[in-house]
Structure formats: structure tokens, C-alpha cells
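Here's the letter readout for the chains.
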Amino acid sequence: MTRSQENAQRAALLAPAGARPEWRAAKRIVIKIGSSLLVDRASQKIRATWLNALADDVAELKRDGRDVLIVSSGAIALGRGILGVGAAELELEVSQAAASVGQISLAHAYQTVMSSRGLTAAQILLTLNDTEERRRYLNARGTIETLLRNGAVPVVNENDTIATSEIRYGDNDRLSARVAAMSGADVLVLLSDVDGLYTRPPGQAADVDVGVEGAAPERLDVVRAITPEIEAMARGATTAVSRGGMRTKIEAARIATGGGTHMVIASGLVLHPLSRLQDAGCPATWFLAPTDPVAARKKWIGGQLQPLGSLTIDSGAVLALQRGKSLLPAGVVSVAGQFQRGDAVRIVDSTATEVARGLIAYDDHDARLILGRQTSEVASILGYRGRAAIVHRDDMVLTRKAQS
């Protein structure tokens, strides 16, 4: 049994029986926190009692053997107060300045509450390009994975200081979904000032387009597919601070579930909001993914990426892959095509029969230099310490079963 399987089993055993199965089985959780929860609107300072209660929840999840990532808004809201620029809509340059000032306070707040519980907080600032450009995506994913492997709690925020487009509150909904997909999370928790998706926003007049004219708004407990009706329910729904409101949360659900991550919208207006998810009666809306993150990723690698090259491997390597091993440089006989690190390649045997597809850890030039060589030789050949596997098993899908 692998370490991740052991952690998942332990988490399932420790989670209360009343918790949803998706929560019980989750071994990697991303938590998105909005500005309206973290920063008091009147004082423009951190809500310390709330953040400490959240940190207690995170510490408990970590003790249960789970990986936790936090995607946190709040830098601009804090920076407003520090710079004294008020609550009015800000010009881009002022928003960037506020983010620059506020980010220091935000990081310090997380470092303080986590360290007092024996946890290490790590700051990661991302832009849209970091989640969409292949090489930068791989670098960000590698950093996140290394932090989690070493027990840290990554705290992610959009790099608003250098944003070139208009900064909008609510963007971290989508960013958190991208982080969840990037990290292979099992569950994404959107903590909000509402406790889920309603047939129409509570307090709003009936919407005939949704088909609930005259009916009281009802919260949906489970959403299995994002249909036009679901999108219509989110139309016009906003939270106290976020401009995007429920619309961006539905977009986040589409991204998350498409990557195999379940998503839940739950209220963050209470203390210990994560602990509440352990209760069967916790009010929330769950968006269920049709498959798990590993299966979704394998499907993406195997069927949706165009291979840009191929690796021919020897018979020993074929057997190793069929046993669930990674592909090492020693098993590669030849390299064809032009590709960069992170591109998809075909892996074929001596008869040119495809055995697998995967994301390669080297560009074609370096792959040719290290083919057939032992992993211990790679650093001296390339002049830098590369990855042990030329294609890691987590980045690979078998396309031919083992021969009997």
C-alpha cells in the first residue's frame, strides 16, 4: 500500500460517520477563502478569531493525514486599510499598490496562526499564465507537490501586484479550481457568505427563466451536472464583497469537476467551518465529479493531448511499465520528434507498437543525451540534476495491456 493510500484510509477511518463519503475519502483538500470572511469590512483588519478557528480545522485535517492547500483572498482588502485609500472602487495602479502592501500582512497572518499549531505556511503567488502555460504550470505544480510532500500548507493567491488586466474580487474562485486541478485535489471547498447554491438568490424576486416563479428559494444539496438551469440559478447572485459572486463559483465547479475534483460551497460565516463539513446535516451544495482526479488526468493524457514525439523502449522497460513503474532513461532506446518538457509523447516497443503515452520530463535534446543511461549519470551528462524518471508513472497512461 502506498503512502497516499494509507493516508486516505486513515482519513476515512477518522472522519465522523456522518460526513459525506466525498469528504471522508478526501486525502487532498483545497480551501478557498474570500475577502469578506477574512477581513473585517469596518476595520479593514484580519478577523483574528475566525482565522484562528480555521487554523484549528486545518491542523486537525493535517493530523488526520490529509494534504491541505489554501487559496486566500484578502491582500487588497488589507492593503486598503493600511494605505488609507477607503472602500471606493480603485484604479488599477492603486489596486496593485494595495495588493503589494496587503500581501505582506496576509502572509504574516497565515504564518502566525499556522506556526503556533506546529505547521509551516508557504506563500505562492500565481498569475493566469502560471496555470495555463505548460512549462510554468509544471513548475508551479512541482513546487506545490514538493511543499505538500514536506508537510507544508501552501497559501496561494493571485499575484494582483503585477496583474495587467482589471483586478476583480471573485477571481480566486476560478484560481482555486485551477489549483485544485493542478494539485490533483479530491475536494475543493469554497467558503462563502452563502451556504450553497439556491434555486434563486434568497431575498431576490422570482425569476421566471429559472422556472421557480412564486416559489421560495431552495438550496440544492447535490449538483451532478452543470446544466443551463444550474447556470440560470447563479445569474445575478453576488456575495457581499465579490463581484463575481455565484457565477464565478459555478465556473469554478465546471473547472474542478472536469478535473475529477468534487467541489462544495459552504458557509464561512461560522467558526470552524471545515469541522462543520463533518456533520451529515451541514448545509452546503456539493458538485460531484464524474470521476476521480487520477482517472481524469489519465484520460486527459491518453485521449486529449496530441503527442509531439515518441520514445522507443526495450523489453525490460515494457514489463516495468506494465507493472506500474515509471520509465527511466536506461530503458529508452531511441527518441523521435521535437518536444519540450511537459509535452505528450508516445512510448513504443521495438515493433513500434504503442505501449503508453505520457508527459515527458525533458526536452528532446536532453532526452537524446541521457537515453540508455543510468539515473545516477544524468547530472554529470546534463550539468544539472534532472528528474529520476524520464516519464513518471503519475504522468503516464498505459495504452496496451500486458501480454499473457
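Residues numbered from 1 in each chain as written. Predicted model: local features only at pLDDT ≥ 70, side-chain atom pairs only at ≥ 80, totals over all residues. Heavy atoms only, no water.

K.L.:
Account for the sheet that holds strand 6 (residues 222–223), naming residues and giving values.
P.N.:
Strands belonging to one sheet form pairs held by backbone hydrogen bonds; the direction of such a pair is parallel or antiparallel. Read from one edge of the open sheet, eight strands run 3-4-2-1-5-7-8-6, paired in mixed fashion. Two strands close off the open sheet at either side, each with one partner strand: strand 3 (121–126) and strand 6. Across two bridges, the pairing between strand 6 and strand 8 (residues 284–287) is parallel. Paired with V222 across the two strands is W286, which belongs to strand 8. Sheet strands in contact with helix 6 (residues 92–115) are strand 1 (28–33), strand 2 (67–72), strand 3 and strand 4 (153–158), and its direction is about 150 degrees off that of strand 3. (Pairing = 2+ DSSP bridges. Helix = DSSP H or I, 4+ residues; strand = E, 2+ residues; numbered from the N terminus. Contact = heavy atoms within 4.5 Å. Axes fitted to C-alpha atoms, helices over the stretch in contact; angles between N-to-C directions.)

K.L.:
With reference to specific residues and values, describe the pairing of strand 7 (residues 262–267).
P.N.:
The buried count for strand 7 comes to six of six residues, which makes it a mostly enclosed element. Burial along strand 7 is two-sided: the face carrying H262, V264 and A266 and the face carrying M263, I265 and S267 are both buried. Bridge count for strand 5 (residues 187–192) against strand 7 is six bridges, and the pairing is parallel. Of the residues in strand 7, the one forming a bridge with L188 is M263. As defined by bridge partners, strand 7 adjoins strand 8 across four bridges and the pair is classed as antiparallel. Following the sheet pairing, M263 is matched in strand 8 by F287. (Buried < 20%, exposed > 50% of the residue type's maximum accessible area, 1.4 Å probe, protein only.)

K.L.:
Describe helix 11 (residues 245–258), listing the residues and the values that go with them.
P.N.:
Spacing of three or four residues puts side chains on the same side of an α-helix, whose turn is 3.6 residues. Along its 14 residues, helix 11 runs 21 Å from first to last C-alpha, staying within 8% of the 20 Å computed at 1.5 Å per residue. Taken together, the buried positions of helix 11 are occupied by G245, M246, T248, K249, I250, A252, A253, A256 and T257. At the exit of helix 11 stands G260, carrying a positive phi of roughly 90 degrees. (Expected span 1.5 Å × (residues − 1).)

K.L.:
Just give me the short version of the environment of A388, but keep the residues and values in it.
P.N.:
Locating A388 in the fold gives a position in the loop between helix 16 (378–382) and strand 13 (396–398). Considered as a pair, A388 and S326 are 62 residues apart in the sequence and their alpha carbons are 9.1 Å apart.

K.L.:
Describe in detail the side chain of D364, supporting the description with residues and values.
P.N.:
With respect to the secondary-structure elements, D364 resides in helix 15 (residues 364–370). On the accessibility criterion, D364 (15% relative accessible area) is buried. At a separation of 2.9 Å, a polar atom in the side chain of D364 contacts the side chain of R368. Ignoring anything within four residues of it in the chain, the contact list for D364 reads V335, G337, Q338 and F339. (Polar contact = N/O pair within 3.5 Å; in protein donor to acceptor, adjacent residues only side chain to side chain.)

K.L.:
Break down the nonpolar core for me, citing the residues and quoting the values.
P.N.:
In this structure, I33, V58 and L191 are the most contacted members of the largest nonpolar core, which totals 40 residues. Setting aside residues no more than four positions away along its own chain, I33 makes contact with L38, W50, L54, I70, V71, S72, S73, Y110 and L191. With 33 residues, the next largest nonpolar core counts L69, L197, A253 and A256 among its residues. (Core = buried A, V, L, I, M, F, W, Y, C linked by side-chain atoms within 4.5 Å.)

K.L.:
An account of the pattern of salt bridges is requested, with residue identities and associated values reported.
P.N.:
For the structure shown, the criterion picks out 16 salt bridges. With a shortest N-O distance of 2.9 Å, R174 and E251 are connected by a salt bridge. Pair noted here: R174 is in helix 9 (residues 171–183) and E251 is in helix 11, with a separation of 77 residues, a long-range link. We classify R174 as buried; its relative accessible area is 12%. For R373, the salt bridge is made with E377, and the minimal N-O distance between the two is 3.1 Å. The partly exposed category is assigned to R373, whose relative accessible area is 34%. Salt bridges sharing common partners tie together R28, D67 and E145. (Salt bridge = Lys/Arg side-chain N within 4 Å of Asp/Glu carboxyl O.)

K.L.:
So, unusual backbone geometry: which residues are in play, and what are the values?
P.N.:
Even without being glycine, Q44 reaches a positive phi, approximately 55 degrees. Within the secondary structure, Q44 is located in the loop between helix 3 (35–38) and helix 4 (48–63). Phi at A352 is positive, roughly 70 degrees, even though this residue is not glycine. Inspection of the secondary structure puts A352 in the loop between strand 11 (344–348) and strand 12 (354–359).

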